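Chain residues, written in single-letter form:
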Amino acid sequence: MTFTLDSRLEADTIPVGDLALSSVLFLNDARFPWFVLVPRIAGASEFTDLSEADYAQLAQEIRIATKVMLELSKPDKVNVGALGNIVTQLHVHVIGRFRSDPAWPGPVWGHGTRTPYPDHAATALIERAAALFAAA
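Residues numbered from 1 in each chain as written. Predicted model: local features only at pLDDT ≥ 70, side-chain atom pairs only at ≥ 80, totals over all residues. Heavy atoms only, no water.

(A) Spatial organisation of the pattern of salt bridges. Per the counting criterion, the structure on display carries 8 salt bridges. The residue R114 makes a salt bridge to D12 at a minimum N-O spacing of 3.3 Å. Here the residue R114 occupies a position in the loop between strand 5 (92–97) and helix 3 (119–135), and D12 occupies one in helix 1 (residues 7–12), the gap between them amounting to 102 residues. Put simply, D101 and R97 hold a salt bridge, and the shortest N to O gap is 2.7 Å. As far as the burial class goes, D101 and R97 line up, both buried. Residues joined in a network through salt bridges with shared partners are E71, K74 and R128. (Salt bridge = Lys/Arg side-chain N within 4 Å of Asp/Glu carboxyl O. Helix = DSSP H or I, 4+ residues; strand = E, 2+ residues; numbered from the N terminus. Buried < 20%, exposed > 50% of the residue type's maximum accessible area, 1.4 Å probe, protein only.)

(B) Structural context of the packing of aromatic side chains. Counted under the stated rule, the structure contains 6 aromatic pairs. Ring plane angle 70° and centroid distance 5.5 Å describe the contact between F26 and F35, whose orientation is recorded as edge-to-face. Comparing F26 with F35 shows no difference in burial state: the two are buried. Summarising the aromatic geometry, the rings of F47 and Y55 are spaced 5.8 Å apart at their centres and angled 85° between planes, so their arrangement reads as edge-to-face. Here Y55 falls in the partly exposed class, since its relative accessible area comes to 44%. Three or more aromatic residues link up through ring pairs in this structure, and these residues are F26, F35, Y117 and F133. (Phe/Tyr/Trp six-rings, centres within 6.5 Å; stacked < 30°, edge-to-face > 60°.)

(C) Broad picture of unusual backbone geometry. A cis amide bond links W104 with the next residue in sequence, P105, at an omega value of 0°. Note on placement: P105 falls in the loop between strand 5 and helix 3. With a phi angle near 55°, K74 is a residue other than glycine that sits in the positive phi range. Within the secondary structure, K74 is located in the loop between helix 2 (52–73) and strand 4 (77–81). Of the residues examined, K74 reaches a relative accessible area of 52% and is grouped as exposed.

(D) Spotlight on helix 2. The end-to-end C-alpha separation of helix 2 is 31 Å, in line with the 32 Å expected for 22 residues at 1.5 Å each. By the burial criterion, the buried members of helix 2 are L58, E61, I62, I64, A65, T66, V68, M69, L72 and S73. Among the structural elements, strand 2 (22–27), strand 3 (34–39), strand 4, strand 5 and helix 3 are those in contact with the buried residues of helix 2. Phi turns positive, to about 55°, at K74, one or two residues after helix 2. (Expected span 1.5 Å × (residues − 1). Contact = heavy atoms within 4.5 Å.)

What follows is the structure, encoded as structure tokens:
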């Protein structure tokens, strides 16, 4: 079985780059700075589908993504979650939250309508995020 990114993740995100285990994506929603880490393991839908080594690697990559989010966006809080109720492919959300964001203090899921970034803003954010991940 070959790894293929879920079509819904592909449609809603912009690629940032790859870490050792995971592809790093940036959710195209200007309301919230939001990374999605997707372990490149075919058929994985739960953490228990990962080997112990891959699970440890994913934990390290979540730490890296959190640090990058803190540097990139300077949020008040970083939320990390893995729901997978709609997209069952294993993926982890790393979301910068601000007391001023439209969903605060509630969850971001299901809140309002996604607002895509203007192309120039998305390009600048992706370039900066990629540089921060490379330096991490």
